[in-house]
Amino acid sequence: MTDLVQLTKTDGIAVVTINNPPVNALSAAVSAGIAAALAQIEKDDSVKGVVFIGAGRTFVAGADIKEFGGLTSGKIICRESLKPLLMRIEDLGRPVVMAIHGTAFGGGLELAMAGHYRIALSRAQVGQPEVKLGIIPGAAGTQRLPRLAGVAKAVEMCAEGAPVKAEDALKSGILDRLVEDDLLAAAIAFAKEVAAKRAPKTRERNDKRGTPEQNAAILAAARETARKKQRGLLAPLAAIDAVEAATKLPFEEGCKKEEELFTKCLFSDQAKSLIHAFFGEREVAKIPDVPKETPILPVNSVGVVGAGTMGGGIAMVFANAGIPVLLKETDQAALDRGIANIRKTYANSLKRGRFTQQFVDERLKLIRTTLDYEEFAHVDMVIEAVFENMALKKEVFSELERVCKPGAILASNTSSLNIDEIASATSRPLSVIGTHFFSPANVMRLLEIVRGAATSKEVIATCMQFSKKLGKVGVLVGNCMGFVGNRMFGPYRREAQFLVEEGASIEAVDNALYEFGMAMGPLATGDLAGLDVGWRIRKENPHLQKAGLRRAFIEDRLCELGRFGQKTGAGWYKYDENRKPSPDPQLAGLIRQWTAEAGIPQRQISADEIVDRCIYTLVNEGARLLEEGIALRSVDIDIIYLNGYGFPAYRGGPMWYADTVGLKKVCERIREFQQRLGNWWEPAPLLQRLSEQGKTFAEFSSRQGAAA
Ligand code: T1G
Ligand code: NAD
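The structure displayed is predicted, hence computed values, not measured ones.

1. Quick look at the site of ligand 1
Alright, step 1. The immediate surroundings of ligand 1 are formed by 29 residues, with Arg 57, Ala 63, Gly 107, Glu 110 and Gly 138 found nearest.
Alright, step 2. Between ligand 1 and the protein, one listed contact pairs an oxygen atom with a side-chain N or O atom of Arg 57 at 2.7 Å.
Alright, step 3. Between Arg 282 and ligand 1, the recorded distance is 2.8 Å, taken from a side-chain N or O atom to an oxygen atom.
Alright, step 4. Computed on the free molecule, ligand 1 has an accessible area of 1000 Å², of which 80% lies beneath the protein chains in the complex.
Alright, step 5. Elements represented by at least two residues in the shell around ligand 1 include exactly strand E5 (103-105), helix H4 (107-114) and helix H12 (269-283).
Alright, step 6. Element by element, the count of residues in the shell around ligand 1 is highest for H12, at three residues.

2. Regarding helix H16 (residues 390-403)
Alright, step 1. For H16, with 14 residues, the first-to-last C-alpha span of 20 Å sits near the 20 Å given by 1.5 Å per residue.
Alright, step 2. All of the buried residues along H16 are Met 390, Lys 393, Val 396, Phe 397, Leu 400 and Val 403. Taken down its axis, H16 places every buried residue within 155° of arc, on the same side. Facing away from the buried surface of H16 by more than 90 degrees, the exposed residues are Ala 391 and Glu 395.
Alright, step 3. Against the buried residues of H16 lie strand E10 (302-305), strand E13 (381-384), strand E14 (409-412), helix H17 (419-423) and strand E15 (432-437).

3. Some thoughts on the nonpolar core
Alright, step 1. Ranked by internal contacts, the top residues of the largest apolar core, which has 97 residues, are Phe 376, Trp 572, Ile 615 and Phe 697.
Alright, step 2. Not counting residues within four places of it along the chain, the set of residues in contact with Trp 572 comprises Arg 493, Gln 497, Val 500, Ile 506, Leu 523, Asp 527, Leu 531, Ile 554, Glu 555, Leu 558, Leu 587 and Ile 591.
Alright, step 3. Core analysis: the next-biggest nonpolar cluster, separate from the first, contains 69 residues, Ala 14, Ala 159, Ala 166 and Leu 175 among them.

4. A few points about the packing of aromatic side chains
The description of an aromatic ring pair uses the distance of the two centres, along with the angle that the planes make with each other.
Alright, step 1. Going through the model one piece at a time under the given rule, you end up with 16 aromatic pairs.
Alright, step 2. Ring centres of Trp 535 and Phe 564 lie 5.8 Å apart, and the angle between their planes is 45°; on these two criteria the pair is classed as tilted. Placement of Trp 535 in helix H22 (residues 531-540) and of Phe 564 in the loop between helix H23 (554-560) and strand E18 (574-575) is noted, with a sequence separation of 29 residues between them.
Alright, step 3. Given a relative accessible area of 17%, Phe 564 falls into the buried group.
Alright, step 4. A centroid spacing of 4.4 Å and a plane angle of 15° characterise the contact between Tyr 641 and Tyr 645, whose relative ring orientation is stacked. Note on accessibility: Tyr 641 and Tyr 645 belong to one class, buried.
Alright, step 5. Here the aromatic cluster, defined as three or more aromatic residues joined through ring pairs, consists of Phe 438, Phe 489, Tyr 492, Tyr 641 and Tyr 645.
Alright, step 6. A cation over an aromatic ring shows up here: Arg 177 above the ring of Phe 190, its NZ or CZ 3.8 Å from the ring centre.
Alright, step 7. Arg 282 extends its terminal NZ or CZ atom over the ring of Phe 278, reaching a point 3.7 Å from the ring centre.

5. Section: the packing of helix H6 (residues 151-160) against helix H10 (residues 235-248)
Alright, step 1. Where H6 contacts H10, the axes come no closer than 8 Å and their chain directions differ by 155°. Judged by the inter-axis angle, H6 sits roughly antiparallel to H10. Here H6 and H10 pass one another in a crossing that is right-handed. Here H6 contributes Val 151, Ala 154, Val 155, Cys 158 and Ala 159 to the contact with H10, which in turn contributes Pro 236, Ala 239, Ile 240, Val 243 and Thr 247.
Alright, step 2. For the contact of H6 with H10, the per-class residue count stands at nine nonpolar, one polar and no charged.

6. Comments concerning the side chain of Ser 268
Alright, step 1. By the element assignment, Ser 268 lies in the loop between helix H11 (251-266) and H12.
Alright, step 2. Among the polar contacts made by the side chain of Ser 268, one reaches the main-chain carbonyl oxygen of Cys 265 at a distance of 2.6 Å.
Alright, step 3. Ignoring any residue separated from it by four or fewer positions in sequence, one finds Ser 268 in contact with Gly 134 and Leu 234.

7. Looking at the packing of helix H5 (residues 141-149) against H11
Working note: a packed helix pair is described by the angle between its axes plus the distance between those axes.
Alright, step 1. Put simply, H5 and H11 touch, their axes get as near as 8 Å, and they point 130° apart. Considering the angle they form, H5 stands oblique to H11. Every residue of H11 that contacts H5 at Gly 141, Thr 142, Gln 143, Arg 144 and Arg 147 is listed here: Phe 251, Gly 254, Cys 255 and Glu 258.
Alright, step 2. Classifying every residue of the contact of H5 with H11 gives two nonpolar, four polar and three charged.

8. A short note on the site of ligand 2
Alright, step 1. For ligand 2, the set of nearby residues contains 20 residues, the closest of which are Met 310, Glu 329, Glu 388, Lys 393 and Ser 415.
Alright, step 2. Within the backbone of Met 310, one N or O atom sits 2.8 Å away from an oxygen atom of ligand 2.
Alright, step 3. Take Glu 388: an N or O atom from its side chain is 2.5 Å from an oxygen atom of ligand 2.
Alright, step 4. Contact with the protein chains hides 82% of the accessible area of ligand 2, taken as 830 Å² for the molecule alone.
Alright, step 5. Listing elements by their share of the shell around ligand 2, those giving two or more residues are helix H13 (309-320), H16 and E15.
Alright, step 6. For the shell around ligand 2, the residue count by class is seven nonpolar, nine polar and four charged.

9. Some remarks on the side chain of Gln 566
Alright, step 1. Here Gln 566 is to be found in the loop between H23 and E18.
Alright, step 2. If near-sequence neighbours (up to four positions away) are discounted, Gln 566 is found in contact with Asp 527, Leu 528, Tyr 575 and Arg 579.

10. A closer look at the pattern of salt bridges
Alright, step 1. Per the counting criterion, the structure on display carries 57 salt bridges.
Alright, step 2. A salt bridge links Glu 374 to Arg 402; its shortest N-O distance comes to 3.0 Å. Highlighted residues: Glu 374 in the loop between strand E12 (367-370) and E13 and Arg 402 in helix H16, separated in sequence by 28 residues.
Alright, step 3. Residue classification places Glu 374 among the partly exposed positions, given a relative accessible area of 39%.
Alright, step 4. Note that Arg 669 is salt-bridged to Asp 612, the shortest N-O span being 2.8 Å. Linking Arg 669 in helix H28 (residues 663-677) with Asp 612 in helix H25 (residues 607-628), this pair joins segments that are 57 residues apart in sequence.
Alright, step 5. We classify Arg 669 as buried; its relative accessible area is 18%.
Alright, step 6. Judged by relative accessible area, which is 14%, Asp 612 ranks as buried.

Cut-off values and rules
Within each chain, residue numbers correspond to sequence positions counted from 1 in written order. Written order determines the labels here, with chains lettered from A and ligands numbered from 1. In keeping with the model being predicted, local features are shown solely for residues with a pLDDT of at least 70 and side-chain atom pairs are shown and tallied solely at 80 or more, while totals for entire chains, interfaces and linings include all residues. Side-chain measures here rest on the full set of heavy atoms in the structure, leaving out hydrogens and waters. Any residue with a heavy atom lying within 4 Å of a molecule or strand is counted as near it. We call two N or O atoms a polar contact when they sit within 3.5 Å, provided that within protein one can donate a hydrogen and the other can accept it, with sequence-adjacent residues counted only if both atoms are side-chain atoms. Only the protein chains shown count as cover for residues, and all accessible areas are computed by the Shrake-Rupley method using a 1.4 Å probe. Think of it this way: any DSSP run of H or I at least four residues long counts as a helix, any run of E at least two long counts as a strand, and we number them from the N terminus. Take the number of residues in a helix, subtract one, and multiply by 1.5 Å to get its expected span. Exposure categories follow from relative accessible area, calculated using a 1.4 Å probe and restricted to protein chains: below 20% of the type maximum is buried, above 50% is exposed, and the middle band is partly exposed. Note: the arc covers the axis-to-C-beta directions of the helix. Contacts: residue pairs with any heavy atoms within 4.5 Å of one another. The term nonpolar core refers to a set of buried residues drawn from Ala, Val, Leu, Ile, Met, Phe, Trp, Tyr and Cys, joined through side-chain atoms within 4.5 Å. When two rings of Phe, Tyr or Trp (its six-membered ring) have centres within 6.5 Å they constitute a pair, described as stacked for plane angles under 30 degrees, edge-to-face for angles over 60, and tilted for the intermediate range. Whether a charge sits over a ring comes down to the Lys NZ or Arg CZ being within 6 Å of the ring centre and within 35 degrees of the ring normal. Whenever a helix is involved, its axis is fitted only over the stretch in contact; in every case the axis is a line through C-alpha atoms, and angles between N-to-C directions fall within 0 to 180 degrees. We call two directions roughly parallel when the angle between them is under 35 degrees, roughly antiparallel when it is over 145, roughly perpendicular when it lies between 65 and 115, and oblique otherwise. Left-handed describes a crossing in which the near helix is turned anticlockwise from the far one by less than a right angle; the clockwise case is right-handed. All amino acids are sorted into three groups, where Ala, Val, Leu, Ile, Met, Phe, Trp, Tyr, Cys and Pro are nonpolar, Asp, Glu, Lys and Arg are charged, and the leftover types, Gly among them, are polar. We define a salt bridge as a side-chain nitrogen of Lys or Arg found within 4 Å of a carboxyl oxygen belonging to Asp or Glu.

Given below as structure tokens:
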């Protein structure tokens, strides 16, 4: 036996233990270990039953995703399919009980379904999350699952990829039994109990495959949902096609159809991008100069200053994680307004079934209010979320300096201001850090963590670690105006304005980016966040406007008319009482007048040009941030844009997308824009260098990482 797969025997029951930390991924070596165990069992008649179980914290979390790279890069010629191995388990001639704890995901659930019985701990989860990686189940999951759980459940699990709790899996027929603990003993007892019975093979079950009429309705509804909810994604539709094959074809032929669809997905750019995003989310948690063993500070109580749009949402994030929050405002009316918004948001989540009443009641109890800084004396951390004004923020931090205990973390939710200058209002810059949540803070997954020049490694490590506890993706960035996300977003939205000034319609610009896969077009996004936020920053910082470079003017004109966006009922679009946008023909006329006065020639602009100009602006600024070291790796920029700015995950993020297009082509296009549109388009030095060297941003980052 190998270390990865151990075989033991108890009272005639063989126990196969998979031990491939951290998540028992079904690597080629694990498959070989299982095959070796089966070979032993097949020739041992004293074995009356078999139990499969995972060592450590989980059953099997799927095939080893790391091995896919070898396949799609051509390093590994053919894929050792798991299917024959699973058939061998199903045909073992003795009952096989799969004992599940933690997660049985992807190939892990496919392995489990090749067994004859499945027993699980009640807090376990099962699922076919492959579509989140841009692929589909590739080891007969789309063929066995509909036979076990029915077509509707199988199509939902394979097309949406969401985990299924054990209780629900029991109801669906995926699991046969649940236990609270002592899983191995319960599984061995189960195996003994069924040893004399004929082992039911999942692949031979047909009672849940439904009728063509029933299935047609289910499949049509699933395709419509996939097109709406997973816009632009190939894999969900491929997964539905594979499950459909299970309703129509014999098992083996269904498996062939699945293999064809699986391979097509695996070699797609979408799969490469989504797998990049999967590992990227784990990579960004690793900070080269902050070792894993850096001491973590306690964060068992938090204070929040300002109960506005962000303060209220941030308070909910901590309360939802079970951490008591003290919320401060300037006066009672503002406090009442803040709490009322929090209650309203919870009520909406309740209505949508996201939380239970009990959960909401408990969370609201964790949020206390105050008008007095003194009460912050005992909290472990304070997050400031007052107006975006440096003088006000420094005033707040000098108060926090006065009242907070030594070692308390002092954080600012500023979306653009200099963290070191804010820290200068205290004598403890070691404890000052930026924690930039995104609106709505209780929904958006991104947490941009901004290290100041003096921020301690303990404070950084603590914020990186608790971001996961808050259900956020924490990305560490350096301190500069707008940090990474907003510093790139500014030029992106400026380019969108330029395109309108040159003749593109508002709808054309937004639709082009929407079709590219952005969650929302750049102009509509401005209306959502409030056009006045940028307007105030531009007015307060005229020095930011680079001399001799073109200045976008439409949004300033809109704000002078009081058109701040959704919050004032009009911005680039008009909004009804439900904030539903509609084009404003009057504004289109006004813009034509303004551009005529400015003498800007009008022309037809293609959707391709719109996309290239907006996306390549992101890439160009991203390259500068990478070279300045404000962003640690190109993947950090990608993860920021996937989780904070609605960039399509199936394109991997702006830097990965540029690598996919090819930096030479991107750089040539940027130079062409520079020729035509001016020096906002000067290619970033790093981009030029890498395109000349035929290298990628990913390679640059890994080299940086290696050098660090
Ligand atoms: N393969 C390789 N590495 C994996 C992995 C996998 N399937 N799953 C996790 N890891 C690594 C991860 O990169 C990290 O590494 C460490 O394990 C801990 O993970 C044939 C084709 C199970 C819920 O999509 O959802 O089966 O950063 O930080 O938060 O049909 O990991 O420490 O170096 O995420 O506790 C389908 C993917 C595969 C599940 C645990 N399976 N994994 O979450 O830990 S495709 C999945 C997860 C497939 C078959 C097809 C989560 C988790 P490092 P972690 P966690
Ligand atoms: P907001 O105007 O909605 O709320 C600010 C709140 O701070 C107001 O309720 C105000 O009464 C309160 N306040 C002001 N001075 C105070 C003081 N001394 N003590 C206590 N409370 C005080 O603003 P917002 O949109 O929540 O932004 C807050 C911060 O978060 C800003 O720095 C902003 O740049 C940043 N931010 C905003 C967004 C967004 O999309 N709105 C996103 C990320 C970050």
